[in-house]
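One letter stands for each residue in the lines below.
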Amino acid sequence: MASILIADDAKFMRLTLARILEKEDHQIAGEAENGKEAVELYRRLRPDLVIMDITMPVMNGIEAVRAIKEIDSGAKIIICSALGQQRMVVEAIEAGASDFIVKPFEENRVLEAVARLL
């Protein structure tokens, strides 16, 4: 069981991820609607893992990955992307993301990525 921060500007996506993770007894430490909120929540909550969308308002996922890595170089971050965002995924991995999952979420793929990092 891990504490996980979910960051996505779409409430439906946050809810979908939370349901998948809670089935495996993970705890949702917090939810953020944008990258800036994600960074602030990470600083305050220090979750075991962050699952974050690439495309968000205020601060995108790539900028948020960099900011979180400055706070904690050991932070574990899974980035979420839509099909066709390969270039952004590569950028996010270069910024320090540990893995990525593609929307729409496949439950098995989400849980495999989480298990790999924990």
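The coordinates are above.
I will try to describe carefully the structure that is included in this document. (Residues numbered from 1 in each chain as written. Predicted model: local features only at pLDDT ≥ 70, side-chain atom pairs only at ≥ 80, totals over all residues. Heavy atoms only, no water.)

Regarding the packing of helix H1 (residues 11–23) against helix H5 (residues 107–117)
Relative orientation of the contacting elements H1 and H5 amounts to 65°, with a least axis distance of 10 Å. Like other packed secondary-structure pairs, H1 and H5 cross with a definite hand, here right-handed. Taken together, the residues of H5 that come into contact with H1 (itself represented by Leu17, Ile20, Leu21 and Lys23) are Glu107, Val110, Leu111 and Val114. Across the contact of H1 with H5, the residue classes tally to six nonpolar, no polar and two charged. (Axes fitted to C-alpha atoms, helices over the stretch in contact; angles between N-to-C directions. Helix = DSSP H or I, 4+ residues; strand = E, 2+ residues; numbered from the N terminus. Left-handed = near helix turned anticlockwise from the far one by under 90°. Contact = heavy atoms within 4.5 Å. Nonpolar A, V, L, I, M, F, W, Y, C, P; charged D, E, K, R; others polar.)

A word on the packing of aromatic side chains
In the structure shown here, the tally under the stated rule is zero aromatic pairs. Across from the ring centre of Phe100, 5.9 Å away, lies the NZ or CZ of Arg109, which sits over that ring. (Phe/Tyr/Trp six-rings, centres within 6.5 Å; stacked < 30°, edge-to-face > 60°. Lys NZ or Arg CZ within 6 Å of the ring centre and 35° of its normal.)

Remarks on helix H4 (residues 86–95)
The α-helix advances 3.6 residues per turn, and as a result positions three or four apart in sequence lie on the same side. Here H4 has its buried residues at Val89, Ala92 and Ala95. The arc that holds the buried residues of H4, viewed along the axis, is 120°, so those residues lie on one side. Across from the buried face of H4, at angles greater than 90 degrees, the exposed residues are Gln86, Arg87 and Glu94. Among the structural elements, helix H3 (61–71), strand E4 (77–82) and strand E5 (99–103) are those in contact with the buried residues of H4. Taken from the residues just after H4, Gly96 is the one with a positive phi, measuring 130°. (Buried < 20%, exposed > 50% of the residue type's maximum accessible area, 1.4 Å probe, protein only. Arc of directions from axis to C-beta.)

A word on helix H2 (residues 35–45)
By the burial criterion, the buried members of H2 are Gly35, Ala38, Val39, Leu41 and Tyr42. When H2 is viewed along its axis, its buried side chains cluster within an angular range of 170° and face the same direction. Between the side-chain oxygen of the N-cap and the backbone nitrogen of Lys36 there are 3.0 Å, and the N-cap of H2 in question is Asn34. The first or second residue beyond H2 is Arg46, which carries a positive phi of 45°. (Polar contact = N/O pair within 3.5 Å; in protein donor to acceptor, adjacent residues only side chain to side chain.)

Concerning the packing of H3 against H4
Close contact between H3 and H4 brings their axes to 9 Å; oriented N to C, the two are set at 5°. One element, H3, and the other, H4, form an angle in the roughly parallel class. Contact residues: Ile62, Val65, Arg66 and Lys69 in H3; Met88, Glu91, Ala92 and Ala95 in H4. Residues that form the contact of H3 with H4 fall into these classes: five nonpolar, no polar and three charged. (Parallel < 35°, antiparallel > 145°, perpendicular 65-115°, else oblique.)

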